[in-house]
Amino acid sequence: MQKPDSASEHINELVPMKTRRDFIKISALGLGAVALTAGSGRMGLGMPLFGKETGPDNEGDVLRRVPTYCEVCFWKCAGWAYVNSEGRIVKVIGNEDDPQCNGRLCPRGTGGVGMVYDEDRLKKPLIRVTENGKQTYREASWDEALEYIASKMKGISEKFGPESIALFNHGSAGHYFTHLLNAFGSSTVAAPSYAQCRGPREVGFETTFGSQVGSPEPTDIRDTRCMVLIGSHIGENMHNGQVQEMSDAIDKGAVIITVDPRLSTAASKSKYWLPIKPATDIALLLSWIHVLINDEIYNKEYVAMHATGFEELKAAVSKYTPEWAYGITTIEPELIRKTAKEMADAAPAVIVHPGRHVTWYGDDAQRSRAIALLNALLGSWGSRGGFFMKEGASIPEHHHPEYPKPSWSWPETLNGKYPYAKMSVTNAFIDASIASPENKHQIHGWIIAGTNLPMAIPLKSQMLKALEELDLVVVVDTMPTEVTGYADVILPECTYLERYDDLRDSPHRVPTVALRAPAIEPMYDSKPAWWIAKQIGEKLGLHAYFEYDDYKEVIDWQLNQMGSSLKELEKTGVIVFPRKKGSPYLDNSQPHAFTTASGKIELYSESLAAAGFDPVPVYTPHPEPEEGFYRLIYGRAPMHTFSRTANNPNLTDLMKENSVWVNPRVARLWDLENGAYTYLKNQDGVVSSFPVKVRITERIRWDSVYMVHGFGHSKKELSRAFGKGANDTELITNVMIDPMMGGTGMRGNFVTFVSNMDQNMKEVES
Ligand SMILES: Nc1nc2c(c(=O)[nH]1)N[C@H]1C(S)=C(S)[C@@H](COP(=O)(O)OP(=O)(O)OC[C@H]3O[C@@H](n4cnc5c(=O)[nH]c(N)nc54)[C@H](O)[C@@H]3O)O[C@H]1N2
Ligand SMILES: Nc1nc2c(c(=O)[nH]1)N[C@H]1C(S)=C(S)[C@@H](COP(=O)(O)OP(=O)(O)OC[C@H]3O[C@@H](n4cnc5c(=O)[nH]c(N)nc54)[C@H](O)[C@@H]3O)O[C@H]1N2
Ligand code: SF4
Ligand SMILES: [Mo]
């Protein structure tokens, strides 16, 4: 067996690092490939961010630059695409005027060009047909494919009402299809960014402060003196602005406290790493609250001015001593006290980060509320170095006739469950697509735009049942990912570098807008989503809702209303507006009207109590792995986004497969060798479709294994991604649904190793 890479075995207290050598060290621990190609990166976090460029530098060729904003993830950094005289996009770089990215894109953004030139792209509309008793796809003209969809939509609407056609969306395309469905009479629209991602934290913060966190997060990391990351792995989670600000904060001496069963990149840059036993975070959070209150180191003035329910909270947490929490979390009581003191010393310039993907154990809204309570006690909400009050640019809506009022909408799909869901729940849509006496309203058609449902939602058997019953499944995508295999009609959208899209409005410290214009004409027979939605709308007789020939007319009109124009934005890419709403921070000498029922920050929630939920979070133990099994946890890699980049030629160059992180103790027990391949089998007997490479490392606790989400693709049409690595989603068969808001908790799954499952086990190329 090869020697595992060595990192801190029991490092709880790490010295903050901020030198160039440090950068090399961290890159040697796993970010090597990117760090080397990245050139001038930033130091503090050792992040592989690409350096700014000053302009085109091609050999004498005149490059044209076109403004865009990135679609490789949802941070939406503004940038410039450079096109050479042969009409080829040669690079994309960050826009210096954009406060979201400060002129720097992450490796994924730089590699975004690979989406355009991926030869596996969807190229023509496809319609499912049966030939010789076998189902297959045949190419169709746009007119035929769109006619087919419109006539199916009419048929479903006549029988069941327009509401029974649902949209699943994620990303820019969603807006145009939402508009189409709204005009048609349906508002049955959902995205995985709620019940598979940030829904629970929005509920936790709203029930406390009356406001959601929202995206991008209004975390004032730039000026923070202490940041606590609860399983939030900023640095591998590459949301650009946050990574840059965290890097700066570390350089300025901010204390970082990272709670993670894995020595994440962030943990390795932290003063304190708390390698918590997974699934026990609520115990740690309650204990921190206990220490702040018991030791009287909470922010008394802030709490007195803004909060209600302090005495109830104090009574509720009186028993949660660090000694109690130690028995559950394995974090030493002294360390719990010391880190609570660090937070209090920095308050109110402290951030207990809400995280983003927080659908973990089914009690996630309550864990998020515990995080909100901690922030409230520290006085960080509305304070410099804590959370600022964000402001967006008010982009006027383009005129259209009023939408017809649907007779039912997504709340009816919840069947009385999840009273705190403020947004639609994808999994409830799946349930509502299966005939059952429970469903007063059944969904009969799906339009899916920009989301790879089989990888994003861990409910495969439910999804398959629903797909059996649906009368229409349309997929609008750029790539032949798994979801396209279930479509009746597949529509090829062109990539973000080949189209106009809505102006970007990212509420932050200051309002901004950014323009996305096409750098090149759409390749093959692909079309922008705005065009596809408009064509279907016209076939449905909804002309009045689509009064433009080209979407740039809408953008120009909107910019004119805001005192600018398309012409101006084509030159600058971004406009930064002054704030209209005053200071981004609260005046803590005055009461503030919080949008909760009481008008105050609610440390004890009457509304939760009335609805039958815990008014103050409580810790409930979660099932543990049986002997020989390990908890499956997952996360992000800096060079990939979910499943959407796994085939991108530029990014597969940096990372072509995921690996399973295994502690050396476990590796010895199972005789696993570093770099060897193993299949994984979960508690329900589900075996991974492909073997995954073993990475033996002290950086993961012995009771868990870790992998990056988005690999293990099963579509052969993805020539680079097919069979590379393992798919976490297929191993997530135990899903714990949050009773407050419907989120799918995915971290209650346990796996073991099946190295010799297949005698002819294919050696996957490494
Ligand atoms: N097991 C597991 N499940 C998870 C997560 C996890 O970590 N593990 N993470 C969860 C989270 S946080 C989120 S936000 C969701 C993300 O869920 P999704 O957004 O569904 O993520 P992807 O898997 O990247 O699928 C994106 C799809 O959009 C397509 N696409 C890319 N660009 C375009 C475009 O410009 N136009 C169109 N029409 N299509 C495009 C891609 O080809 C791909 O098929 O997944 C959630 N599900
Ligand atoms: N490069 C890149 N960046 C991205 C994305 C991407 O696809 N690629 N996606 C973006 C999106 S939409 C989202 S939602 C975010 C998600 O990113 P985050 O919100 O930062 O994090 P998660 O993916 O939930 O968490 C992963 C971390 O949680 C740790 N963990 C696992 N179980 C536990 C536990 O029980 N307790 C604690 N304390 N920690 C635990 C894991 O070891 C891992 O380090 O990333 C965003 N940024
Ligand atoms: S963080 Fe990276 S992938 Fe996300 S929008 Fe910015 S450059 Fe693109
Ligand atoms: Mo997410």
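Quick caveat, the model's predicted, so the values are computed rather than measured.

Participant: Give me the site of ligand 3: which residues, what numbers.
Facilitator: Looking at ligand 3, the residues that line it are Cys70, Val72, Cys73, Trp75, Lys76, Cys77, Leu105, Cys106, Arg108, Gly109, Met238 and Asn240. Looking at the shell around ligand 3 residue by residue, the classes come out as 8 nonpolar, 2 polar and 2 charged.

Participant: Any details on the domain arrangement of the chain? Residues and values, ideally.
Facilitator: When the parts of a complex come together, some accessible area is lost, and that lost area is often taken as the interface size. Along its sequence, the chain is carved into domain 1 (7-13 + 623-765), domain 2 (31-117 + 495-527 + 548-583), domain 3 (126-188 + 409-493) and domain 4 (196-389 + 591-610). The gap between the C-alpha centroids of domain 2 and domain 3 is 31 Å. Tallying the contact residues gives 13 residues for domain 2 and 9 residues for domain 3. A combined buried area of about 1,000 Å² lies between domain 2 and domain 3, and 49% of that area is made up of carbon and sulfur atoms. Where Glu493 meets Arg499, a salt bridge forms, and the shortest distance between an N and an O atom there is 3.2 Å. For the pair domain 2 and domain 3, the number of links is 8 residue pairs in polar contact (both at pLDDT 80 or more). In terms of residue class, the side of domain 2 that touches domain 3 is made up of 4 nonpolar, 2 polar and 7 charged.

Participant: Quick one: what's the story with the packing of aromatic side chains, residue by residue and with numbers?
Facilitator: A full pass over the atoms with the stated rule returns 21 aromatic pairs. Here the aromatic rings of Trp142 and Trp531 are separated by 5.4 Å at their centres, their planes lie at 85°, and the arrangement is edge-to-face. Placement of Trp142 in helix α4 (residues 142-160) and of Trp531 in helix α18 (residues 529-539) is noted, with a sequence separation of 389 residues between them. Ring geometry for Tyr403 and Tyr545: centres 6.1 Å apart, planes at 5°, overall stacked. Taken as a pair, Tyr403 in the loop between α14 (364-378) and α15 (426-432) and Tyr545 in the loop between α18 and α19 (551-561) lie far apart in primary sequence, 142 residues in all. Over the ring of Trp80 we find Arg65; its NZ or CZ atom is 3.6 Å from the centre of that ring.

Calculation notes
Residues numbered from 1 in each chain as written. Chains lettered and ligands numbered in written order. Predicted model: local features only at pLDDT ≥ 70, side-chain atom pairs only at ≥ 80, totals over all residues. Heavy atoms only, no water. Near = heavy atom within 4 Å. Nonpolar A, V, L, I, M, F, W, Y, C, P; charged D, E, K, R; others polar. Domains from an automatic or database assignment. Contact = heavy atoms within 4.5 Å. Buried area = accessible area lost by both parts, 1.4 Å probe. Salt bridge = Lys/Arg side-chain N within 4 Å of Asp/Glu carboxyl O. Polar contact = N/O pair within 3.5 Å; in protein donor to acceptor, adjacent residues only side chain to side chain. Phe/Tyr/Trp six-rings, centres within 6.5 Å; stacked < 30°, edge-to-face > 60°. Helix = DSSP H or I, 4+ residues; strand = E, 2+ residues; numbered from the N terminus. Lys NZ or Arg CZ within 6 Å of the ring centre and 35° of its normal.

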